[in-house]
Amino acid sequence: MAERRRPGYSIYREILDEEAVDVIAQKSESKTSLCEKVKKSVRCSGPRAKRCLLETIPILSWLPRYPIRENALGDLISGISVGVMHLPQGMAYALLASVSPVFGLYSSFYPILVYFIFGTSKHISIGTYAVMSVMIGGVTERLAPDSDFMNWDNVTNSSIIDTVSRDAQRVKVAAAVTFMSGLFQILLGLVKFGFVVTYLSEPLVRGYTTAAAIHVIVSQLKYTFGINPKRHSGPFSLIYTILEVCYLVPQTNIGTLVVSIVTIICLILAKELNAYLQKKLPVPIPVELIAIIIATVVSWQVNLEQKYGVDIVGVIPSGLQAPVFPEASLFGQVIGDAFALSVVGYGILISLGRIFALKYGYRVDSNQELIALGLSNSIGGIFQCFAISCSMSRTMVQESTGGKTQVAGALSAVVILFITLWIGSLFEDLPKAVLAAIIYVNLHGMMKQFMDIPALWKKNRVDMLVWVGTLILTILFNPDMGLAASIGFAMLTVIFRTQLPKYSLLGQVPDTDIYRPLEDYTQVKQVPGIFIFRSSATIYFANAEMYQDALGKKCGVDITKLLSAKKKLEAKRKRHEKEEAKKAKKAKKNADDMVRSQDTVIEMEPNPDPSLPRVVILDLSPVNFLDTVGVKALCNIRRDYGEIGIEVFLAGCQTGVVDNLQSSGFFNDKVTKSCLFTTIHDAVLFCHLFHGNLHTQILHGH
């Protein structure tokens, strides 16, 4: 193929520095005061009030325009399919939260209806989620441990656990932490803190959910083996729990283990069949629902609890619970866990919401999603639900079965309402081992995330480090403390990246006004006598000193040595002047002494080193802000290099950086905006035109 040739072009304009740009563009000095901003924000009008109402309650904007013919059938099928999935998952994830399975059904009903009214995502499925449930379980078991409900049984001469009182207290704890997490989300949404999720990068979220899945698996081992390990909390509790389980393995209930193994094998085979028939079936086979129906029937007929000691779900009350405000005395004990839950739940929800919004071409309001999720959790806490978020598996089913709006979610809540009111009690004989098996199989997608490690190794090793670091920290310190430690670790990687940026000397692409790093291109040539220096990161307190050191190394200027030599010459000159002054005071001097004195010469300025630049241009185009330390570093560079005869110019400054320089006192009577140029090429042209001793071959402009 013939080489593509680009047409040449010419641009004729004056060399522009920041002063000239301010004059030509007529920079405005007027700024809106804080008082004016507040007045503008609270000013009310009819259209603004209507817009605010529709943004706060999105259902008012889309439901009146709901296209029944196009969407009703798909939403109906999708709602029934997802509602069927809510039943086994809600009951299973309630075990993770250490509450009775019926509260998992409540958590699959109330919050969904609230999100239906206030949410903006059309495709995500709100409800119980494994990671959130295991975090809730950590709180409930910490604040309501078995040891607090031990009673002495005179018949058996042993201690027994008052499970009724324990479970009631755990529900209160779960409701309190859920209510508090909802309040945090509402407050963050009201103050427009939706951007907080940006601190949860994709590698961090995926590493965190993988580690949380490991916590979930370990927490369910007691149901798989039919054992009762002690509850461990705090750092390294996962390690202690694994050791405890290994110690108790010889006490395994064989009946429970057989139920677990058979259920896991059947679920895996059914899932594979589902995947194989995915394109042929309009609706996926509800394998979890079929599994709990069959397991319940078998347990009831064989009497697994009495004959083999298999632990079952137990009493599931029919109907809904009356609303109860959470105990305020628990708020102080769960405030840290509530904040962690609010951040994790929102991070998972908004990540999935944005994926489907991008796929189907609509907008998800991040702040409104915070408020919607917060209302779902806070109202849910009043109705004794535990914290919820968005499930990937249910969301995929909701989308694949034709769900197009939030109506599908509302219909799934109706399905759960029907189950809770009339048929929930039929599952009282369901073995808990079956629910644990459902959890294991549903977590296989999260465990596949381990494949991220080799992929990130090839793409970005710092992201891989964040992924692995998050996994290790969350495993060691539990999901709540692990999240804070993981975010801190991710922030440290950002700091290290800004402390270790790439420093480059730039050269000119022949016959253009484009400048690129010399080490990256073979045809890029350095402009003689001019060193153009660039850092890939902004300049602030953490790397300002390294910026100055890197500039000296790249330019071959040992600024300390040169300034020291100049000071020695200056001191020598002053000593010589003092000696001459003393000699001048002597009245009698012979002519020969005077001649010798006149012939004394001190070489004050050495010949310029040809290897040193005459001009240094600092390319600040990658710099998006400057703090006072960064401004001071630039002042020091101009002063020090100026003292040894090297001029320093700045190029490519963003408007905010110029404002930082101005507000920090960079400019004065001697230093004006004439040392700032809009582009590197403007600075190079200025040096060429006004420094005749720089014989450069550059692209000329007028």
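Conventions adopted
Residues numbered from 1 in each chain as written. Predicted model: local features only at pLDDT ≥ 70, side-chain atom pairs only at ≥ 80, totals over all residues. Heavy atoms only, no water. UniProt positions renumbered as here; feature names shortened; annotations may be inferred. Domains from an automatic or database assignment. Phe/Tyr/Trp six-rings, centres within 6.5 Å; stacked < 30°, edge-to-face > 60°. Helix = DSSP H or I, 4+ residues; strand = E, 2+ residues; numbered from the N terminus. Lys NZ or Arg CZ within 6 Å of the ring centre and 35° of its normal. Salt bridge = Lys/Arg side-chain N within 4 Å of Asp/Glu carboxyl O. Buried < 20%, exposed > 50% of the residue type's maximum accessible area, 1.4 Å probe, protein only. Contact = heavy atoms within 4.5 Å. Pairing = 2+ DSSP bridges. Axes fitted to C-alpha atoms, helices over the stretch in contact; angles between N-to-C directions. Parallel < 35°, antiparallel > 145°, perpendicular 65-115°, else oblique. Left-handed = near helix turned anticlockwise from the far one by under 90°. Nonpolar A, V, L, I, M, F, W, Y, C, P; charged D, E, K, R; others polar. Patch = residues over 30% accessible without salt bridge, like charges linked within 9 Å, V, L, I, M, F, W, Y side chains within 5 Å. Areas by Shrake-Rupley, 256 points an atom, 1.4 Å probe, with all protein chains shown as cover.

Per an unreviewed UniProt entry, the chain carries the name STAS domain-containing protein and comes from Anabas testudineus. Taken verbatim from the UniProt record of the chain, the Subcellular location (unreviewed entry) comment is "Membrane".

Engineer: I'm lost on the domain arrangement of the chain in this one. Help?
Structural biologist: Size of an interface: often given as the accessible area lost when the parts come together. Domain annotation of the chain identifies domain 1 (73-152 + 160-496) and domain 2 (503-565 + 610-695). The gap between the C-alpha centroids of domain 1 and domain 2 is 55 Å.

Engineer: Looking at this model, I keep getting lost on the packing of aromatic side chains. Mind explaining?
Structural biologist: Two aromatic rings are characterised by how far apart their centres lie and by the angle between their planes. Scanning the model with the defined rule gives 20 aromatic pairs in all. Measuring from ring centre to ring centre gives 5.5 Å for Phe-649 and Phe-686, while their planes differ by 80°; the resulting arrangement is edge-to-face. One end of the pair, Phe-649, is in strand β9 (residues 647-651); the other, Phe-686, is in helix α29 (residues 680-690), with 37 residues separating them in the sequence. Three or more aromatic residues joined by ring pairs form one cluster here, namely Phe-109, Tyr-110 and Phe-383. In this structure, Lys-122 is placed above the aromatic ring of Tyr-362, and the distance from its NZ or CZ to the ring centre is 5.0 Å.

Engineer: Which parts of the structure should I look at to understand the UniProt feature "transmembrane region" (unreviewed entry) in the chain?
Structural biologist: Residues given the UniProt feature "transmembrane region" (unreviewed entry) here are residues 93-118, 173-200, 238-269, 281-302, 338-358, 370-389, 409-427 and 471-496. Helix makes up 100% of residues 338-358 and strand makes up 0%, while its end C-alpha atoms are separated by 30 Å.

Engineer: Please explain the pattern of salt bridges as it appears in this structure.
Structural biologist: A side chain of one charge can pair with a side chain of the opposite charge when the charged atoms of the two come close. As enumerated under the stated definition, the model contains 14 salt bridges in all. For Lys-222, the salt bridge identified is with Glu-141, shortest N-O distance 3.8 Å. One end of the pair, Lys-222, is in helix α11 (residues 221-225); the other, Glu-141, is in helix α8 (residues 130-143), and 81 residues separate them in sequence. On the basis of relative accessibility, which here comes to 24%, the residue Lys-222 falls in the partly exposed class. Several salt bridges share partner residues, and in doing so they unite Asp-146, Arg-166, Asp-167 and Arg-170 into one network.

Engineer: Hey, could you run me through the environment of Val-171 in this one?
Structural biologist: Relative to the assigned elements, Val-171 resides in helix α9 (residues 163-190). When near neighbours in sequence (up to four residues on either side) are disregarded, Val-171 contacts Val-99, Phe-103 and Gln-384.

Engineer: In this structure, what is going on with the pairing of strand β5 (residues 503-508)? I would like to understand it.
Structural biologist: On a regular strand, each side chain points to the face opposite its neighbour's, so the side chains alternate between the two faces of the sheet. A large share of β5 lies buried, amounting to 6 of its 6 residues. Here β5 shows a buried face lined by Tyr-503, Leu-505 and Gly-507 and a second buried face lined by Ser-504, Leu-506 and Gln-508. The pairing of β5 with strand β7 (residues 530-535) spans 4 bridges and is antiparallel. Along β7, the bridge assignment pairs Leu-506 with Ile-532.

Engineer: Hey, could you run me through the packing of helix α7 (residues 110-118) against helix α17 (residues 366-382) in this one?
Structural biologist: Helix packing for two helices is described by the angle between their axes and how far apart those axes are. Between α7 and α17, whose axes approach to 8 Å, the crossing angle comes to 150°. The angle between the axes of α7 and α17 places the two elements in the roughly antiparallel class. Here the hand of the crossing between α7 and α17 comes out right-handed. Touching Pro-111, Val-114, Tyr-115 and Phe-118 of α7 are Gln-368, Glu-369, Ala-372, Leu-375, Ser-376 and Ile-379, all from α17. Of the residues contributing to the contact of α7 with α17, the split by class is 7 nonpolar, 2 polar and 1 charged.

Engineer: What's the story with a nonpolar patch on the surface in this structure? I'm lost.
Structural biologist: On the surface, Leu-187, Leu-190, Val-191, Phe-193, Phe-195 and Tyr-199 cluster together to form a nonpolar patch covering roughly 590 Å² of accessible area. With respect to the helices, strands and loops of the structure, Leu-190 is situated in helix α9. On the basis of relative accessible area, Leu-190 is assigned to the exposed category, the value being 54%.

Engineer: Explain the environment of Val-173 to me, please; I cannot follow it from the model alone.
Structural biologist: With respect to the helices, strands and loops of the structure, Val-173 is situated in helix α9. Owing to a relative accessible area of 1%, Val-173 belongs among the buried residues under this scheme. With 458 residues separating them along the chain, Val-173 and Val-631 place their C-alpha atoms 52 Å apart. In this structure, Val-173 is in contact with Val-139, Thr-140, Leu-143 and Leu-330, ignoring residues within four places of it in sequence.

Engineer: Please clarify how unusual backbone geometry should be interpreted in this entry.
Structural biologist: Note: most residues except glycine have negative phi, and most peptide bonds are trans. Positioned with a positive phi, Phe-236 is a non-glycine residue whose angle comes to about 65°. Relative to the elements of secondary structure, Phe-236 occurs in the loop between α11 and α12 (237-248). Positioned with a positive phi, Asp-511 is a non-glycine residue whose angle comes to about 65°. Mapped onto the elements, Asp-511 comes out in the loop between β5 and β6 (515-517).

Engineer: Honestly, the sheet that holds β9 in this entry has me stumped. Any pointers?
Structural biologist: Two pairing modes exist for strands in a sheet, parallel and antiparallel, and in both the strands are linked by backbone hydrogen bonds. Here we have 6 strands laid out as an open sheet, ordered β6-β5-β7-β8-β9-β10, and mixed in their pairing. For this open sheet the edge positions go to β6 and β10 (676-677), each flanked by a neighbour on one side alone. With 5 bridges joining them, β7 and strand β8 (residues 615-619) adopt parallel strand pairing. Paired with Phe-533 across the strands is Leu-618, a residue of β8.

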